[in-house]
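Results of the structural survey
The lines below spell out each chain.
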Amino acid sequence: VGVTPIARATTWVDGRSRWQRWLLLYLVFTVVAAPFLVLRFMDNTRLGLWDEWQYVDTIHSVSHGDLFLRGGEPLSGWAWQLKACRGIEVVAPPDPVVCRSEQPAAYVNSASIDPPSYFLVTAVGARAITAVGLTDDLLLASRLVGIAWAGLAMTVLFALARMLGSSRAAATLAAGTVITV
């Protein structure tokens, strides 16, 4: 009687150390999330509805050496240009007239509530993506780094669900909700 591929894979995984199994789970979740997110990124050039405008402005600042986040900072001219040229999904279409101007309005960046480490890691990853020539668009590069963050979020959600007593199937389903956001 032959051994099924699932049984072989389970035996192989069970032979790994705990950290290797978690790393493997993270990689699997990241690979699963990637096509869903890439399709969304490629299909939507506008900024995300909620706060992507503020986040990408902070990533832009960090990637240019401004490592200290201060609450209440106004959004940069670069961010205003990005918003005007791309628009924000659902609420603000691109504005070609403003896109060509350089007159930013006063608007406070709310992204400083998140840990600076998030912006630093994302900025370093985005700069690496642009440096290797995958894209020259900081927004797209930041979104691509977001795939790794999604894999991490899925792994943490899976672990939390398992700690709370969920089955592997239920924990996997809970982890999958990350890619719907």
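For the structure, check the block above.
Now for a quick tour of the structure.

Cut-offs used in this document
- Residues numbered from 1 in each chain as written.
- Predicted model: local features only at pLDDT ≥ 70, side-chain atom pairs only at ≥ 80, totals over all residues.
- Heavy atoms only, no water.
- Patch = residues over 30% accessible without salt bridge, like charges linked within 9 Å, V, L, I, M, F, W, Y side chains within 5 Å.
- Areas by Shrake-Rupley, 256 points an atom, 1.4 Å probe, with all protein chains shown as cover.
- Salt bridge = Lys/Arg side-chain N within 4 Å of Asp/Glu carboxyl O.
- Lys, Arg positive; Asp, Glu negative; His and termini not counted.
- Charge placed at Lys NZ, Arg CZ, Asp CG, Glu CD.
- Helix = DSSP H or I, 4+ residues; strand = E, 2+ residues; numbered from the N terminus.
- Buried < 20%, exposed > 50% of the residue type's maximum accessible area, 1.4 Å probe, protein only.

**Looking at a positive patch on the surface**
On the surface, Arg 18, Arg 21, Arg 162 and Arg 168 cluster together into a positively charged patch. Looking at where Arg 21 falls in the secondary structure, it is placed in helix α2 (residues 18–43). Among the residues examined, Arg 21 registers a relative accessible area of 32% and is labelled partly exposed.

**Description of helix α4 (residues 77–86)**
Of all the residues in α4, the buried ones are Ala 79, Trp 80, Leu 82, Ala 84 and Arg 86. After α4 finishes, the residue Gly 87 shows a positive phi value of roughly 80°.

**Here we look at the pattern of salt bridges**
For the coordinates displayed, the defined rule picks out 3 salt bridges. With a shortest N-O distance of 3.3 Å, Glu 89 and Arg 40 are connected by a salt bridge. In this pair, Glu 89 sits in the loop between α4 and α5 (96–99) while Arg 40 sits in helix α2, placing the two residues 49 residues apart along the sequence.

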